[in-house]
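# Examination of the molecular architecture
Each chain, letter by letter, is given below.
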Amino acid sequence: MFEELQPISFPGLDMKRPIIIAGPCSAETEEQVMSTAKDLSSHGIHIFRAGIWKPRTKPGGFEGIGVEGLAWLQRVKKEIGMYVCIEVATKAHVEAALEAGIDMLWIGARTSANPFAMQEIADALEGHDIPVLVKNPVNPDLELWIGALQRIYNAGIHKLGAIHRGFSTYGKHIYRNLPQWHIPIELRRRIPNMQLICDPSHIGGKRELVAPLSQQAMDMGFDGLIIESHCDPDSAWSDKSQQVTPDVLNYIVNMLVIRETTQTTENLTLLRQQLDQIDNELLELLNKRMRVSREIGQYKKEHSMPVVQTNRYDDVLRTRGKIGEEMGMSGDFIRTIMQTIHEESVRQQIEVLANRMHP
Ligand code: PEP
Ligand code: MN
């Protein structure tokens, strides 16, 4: 599988790392498209993105300008000389894009999560030679992402890449979509010749996160970045808080430090990066657990309850040990970890009871 993958390329373009794709979340007006493209092009950006059809989570948002926008992208191509790419989600989108001479397509996260939609798009692409980028599905499911890529590859598209745009999650976080870097890193380990593009705009959801996320992606050996850029971000019709002006984008790109990625034959670098990420996630989870535990401490304090309740503790050790065993780990190992966590939990609850710590 994927033996015949080729790097994304366009005639006359030097595709050295990082490949930069930039443009507004949505094509809104002809003026906005032309003005943004002109500014990006003046900063040496050659690949323009813009959404024509916008999959919105809820009805009522701006759902895209539709086929009318294709003519604006043709102007960007003809008059400014950029390569243009849009998102497609249906057979009709693919046909309209091919007909309009769009240079590259991407498939959005809500679409890549749906095998029926992916197959429909793959069938529509059969026999055409156009580079395609597939965003990760909204949910953190690597197999679903690989399956979506396979469908496009099986349709004969060999200039195929993956876009990491983070994963949807419930609740408020620093990021709009959690990066879960170990997932794209695992994709790279499984399919080393697949180009990986990072979308810091949708991961971060905020302008100020675009630069650090872009640098992080570069440090992890991503091949390129797709960044939302708008001539007037504050008045954008979609995703305004994450779009940057072409000037800011130029600054961000120029500040990037590009280190060569050296890989050992066993791919240890990638595996170690995965471990680092997973350890960070473990720490965050532990921290979250301690927070909840301190709240319980507060409750016990208000209700004059003792900190340690043996029944509950026995239960925790037993159930976790059993689940651990089912997962193929040693029950003793899990019980030892749970005992250590419990010790720290009790220590923090005592601190809460003694008013030395707040929940
Ligand atoms: C987009 O690129 O504007 C978009 C809709 O992204 P995603 O599919 O990652 O949500
Ligand atoms: Mn967007």
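Along each chain, numbering runs from 1 in the same order as the chain's sequence is written. In the order they appear in the text, chains get letters beginning with A and ligands get numbers beginning with 1. Where local features are concerned, this predicted model is filtered to residues with pLDDT of at least 70; where side-chain atom pairs are given and counted, the filter is 80 or more; whole-chain, interface and lining totals use all residues. Side-chain descriptors were evaluated using all non-hydrogen atoms of the structure, hydrogens and water having been removed beforehand.

## Concerning the coordination of the manganese ion (ligand 2)
- Donor selection uses N, O and S atoms within 2.8 Å of the metal (3.2 Å for Na, K and Ca). Since no water is included, sites may look incomplete. Protein coordination of the manganese ion (ligand 2) is provided by Cys25 (SG), His202 (NE2), Glu228 (OE) and Asp239 (OD), with donor distances spanning 2.0 to 2.4 Å.
- Within one chain, the residues donating to the manganese ion (ligand 2) are spaced in sequence as C-x176-H-x25-E-x10-D. Of this pair, Cys25 sits in the loop between strand S1 (19–23) and helix H1 (30–42) while Glu228 is found in strand S8 (residues 224–228), placing the two residues 203 residues apart along the sequence.
- Taking relative accessible area as the criterion, Glu228 reaches 1% and is therefore assigned buried. Here a helix means four or more residues in a row that DSSP labels H or I, a strand means two or more in a row labelled E, and each is numbered from the N terminus. Working definition: with a 1.4 Å probe on protein chains only, accessible area under 20% of the residue-type maximum means buried, over 50% means exposed, and in between means partly exposed.

## With respect to the packing of helix H5 (residues 115–125) against helix H6 (residues 142–154)
- Axis geometry follows a simple rule: fit a line to the C-alpha atoms, using only the stretch in contact for helices, then measure angles between N-to-C directions, giving values from 0 to 180 degrees. For the pair H5 and H6, the least separation of the axes is 8 Å and the interaxial angle reads 20 degrees. Judged by the inter-axis angle, H5 sits roughly parallel to H6. Crossing of H5 over H6 shows right-handed handedness. In this structure, H5 uses Pro115, Met118, Gln119, Ile121, Ala122 and Leu125 to contact H6, whose residues at the interface are Leu144, Ala148, Arg151 and Ile152.
- Three categories are distinguished: nonpolar for Ala, Val, Leu, Ile, Met, Phe, Trp, Tyr, Cys and Pro, charged for Asp, Glu, Lys and Arg, and polar for the others, with Gly belonging to the last. Its residues assigned to classes, the contact of H5 with H6 comprises eight nonpolar, one polar and one charged. Angles are sorted into four bins: roughly parallel if under 35 degrees, roughly antiparallel if over 145, roughly perpendicular if 65 to 115, and oblique for all others. Two helices that cross are described as forming a left-handed crossing if the nearer one is turned anticlockwise from the farther one by less than a right angle, and a right-handed crossing if clockwise. The contact criterion used is simple: two residues touch if any of their non-hydrogen atoms lie within 4.5 Å.

## Let's talk about the sheet that holds strand S7 (residues 195–198)
- A barrel is described by the order of its strands in space; here eight strands give the closed sequence S1-S2-S3-S4-S5-S6-S7-S8, paired in parallel fashion. The sheet shows a mean angle of 25 degrees between the axes of neighbouring strands, taken without regard to direction.
- In this scheme, strands are said to pair when DSSP sees at least two bridges between them. Sheet analysis places strand S4 (residues 104–107) next to strand S5 (residues 132–135), joined by three bridges and oriented parallel. Note that in S5 the partner of Ile107 across the bridge is Val134.
- Those strands touched by H1 are S1 and strand S2 (47–49), and its axis lies near 150 degrees from that of S2.

## Description of the state of the cysteines
- Disulfide: a pair of cysteine sulfur atoms within 2.5 Å of each other. Counted by the stated rule, this structure contains zero disulfides.
- Cys85 carries a free sulfur, and the closest cysteine sulfur to it, the one in Cys25, is 13 Å from it.
- You can call Cys85 buried: its relative accessible area is 2%.

## Description of the site of ligand 1
- The nearness test applies per residue and asks whether one of its heavy atoms lies within 4 Å of the molecule or strand. Residues in contact with ligand 1, as listed here, are Cys25, Arg49, Lys54, Glu87, Trp106, Gly108, Ala109, Arg110, Lys135, Arg165, His202 and Glu228.
- Counting of polar contacts relies on pairs of N or O atoms within 3.5 Å, with two restrictions inside protein: one atom must be capable of donating a hydrogen and the other of accepting it, and residues adjacent in sequence are counted only when both atoms are side-chain atoms. Arg49 is positioned such that a nitrogen or oxygen atom in its side chain is 2.9 Å from an oxygen atom of ligand 1.
- Between ligand 1 and Lys54, the relevant distance is 2.8 Å, taken from an oxygen atom to a side-chain nitrogen or oxygen of the residue.
- Note that accessible areas follow from Shrake-Rupley with a 1.4 Å probe, and for residues the cover is restricted to the protein chains shown. About the coverage of ligand 1: the protein hides 98% of its 300 Å² of free accessible area.
- Taken together, the residues of the shell around ligand 1 sort by class into three nonpolar, two polar and seven charged.

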